[in-house]
Amino acid sequence: MVRPYVRTGGQVRPERPVRLESVVIAATGPLLELGPEARRVMSLFAPDGRDRLAVADIAAALQLPPSTVRILVSTLIDSGHLASPVTAVADQPESDVLMKVLHELRQLAL
């Protein structure tokens, strides 16, 4: 068994906010400079970089803890190997909008 902090090079938190539902795409760049775990992440993407994967899907495919994959993905985004077309934080609706939707859905269910 390999400890998660060994897989992330001693890093215990992602440098940027990466959520499990965040979608990332592969960017171009040399893979030889990457560590073995980062290369495993990059191996999930097609060579032409058109595949999009959610962070949760990467964790499931590699059978790694989601927290470890969030750190690996954050590092790969910082190095330019992965890109996130839309940040998950900026993509969230305001809470008052969600409350209105919830209220209306409850009204429909009655």
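Residues numbered from 1 in each chain as written. Predicted model: local features only at pLDDT ≥ 70, side-chain atom pairs only at ≥ 80, totals over all residues. Heavy atoms only, no water.

Section: the sheet that holds strand β1 (residues 23-26)
Phase 1 of the analysis: Across the sheet, which stays open at both edges, the three strands sit in the order β2-β1-β3 with antiparallel pairing between neighbours. Here the strands that pair on one side only, and so sit at the sheet edges, are β2 (52-54) and β3 (82-83).
Phase 2 of the analysis: By the bridge criterion, three bridges tie β1 to β2 in an arrangement that is antiparallel. The partner of V23 across the bridge, within β2, is A54. (Pairing = 2+ DSSP bridges. Helix = DSSP H or I, 4+ residues; strand = E, 2+ residues; numbered from the N terminus.)

A closer look at the environment of L82
Phase 1 of the analysis: Along the chain, L82 turns up in strand β3.
Phase 2 of the analysis: Taking relative accessible area as the criterion, L82 reaches 3% and is therefore assigned buried.
Phase 3 of the analysis: Each C-alpha atom of the pair L82 and A26 lies 4.6 Å from the other, and the pair is 56 residues apart in sequence.
Phase 4 of the analysis: Every residue in contact with L82, bar those within four places of it in the chain, is listed here: V24, I25, A26, A27, V41, M42, F45, V73, L76 and I77. (Buried < 20%, exposed > 50% of the residue type's maximum accessible area, 1.4 Å probe, protein only. Contact = heavy atoms within 4.5 Å.)

Some thoughts on the side chain of H81
Phase 1 of the analysis: For H81, the position within the fold is in the loop between α4 (66-78) and β3.
Phase 2 of the analysis: At a separation of 2.6 Å, a polar atom in the side chain of H81 contacts the side chain of S79. (Polar contact = N/O pair within 3.5 Å; in protein donor to acceptor, adjacent residues only side chain to side chain.)

So, the pattern of salt bridges
Phase 1 of the analysis: Evaluated as defined, the whole model comprises two salt bridges.
Phase 2 of the analysis: Among the ionic pairs, R19 bridges to E21, the shortest N-O distance being 2.5 Å.
Phase 3 of the analysis: Given the relative accessible area of 32%, R19 is considered partly exposed.
Phase 4 of the analysis: Given a relative accessible area of 45%, E21 falls into the partly exposed group.
Phase 5 of the analysis: The salt bridge involving R40 is made with E37; its shortest N-O contact spans 3.1 Å. Remark: E37 and R40 occur in helix α2 (residues 36-42); sequence separation between them is three residues, near one turn of the helix. (Salt bridge = Lys/Arg side-chain N within 4 Å of Asp/Glu carboxyl O.)

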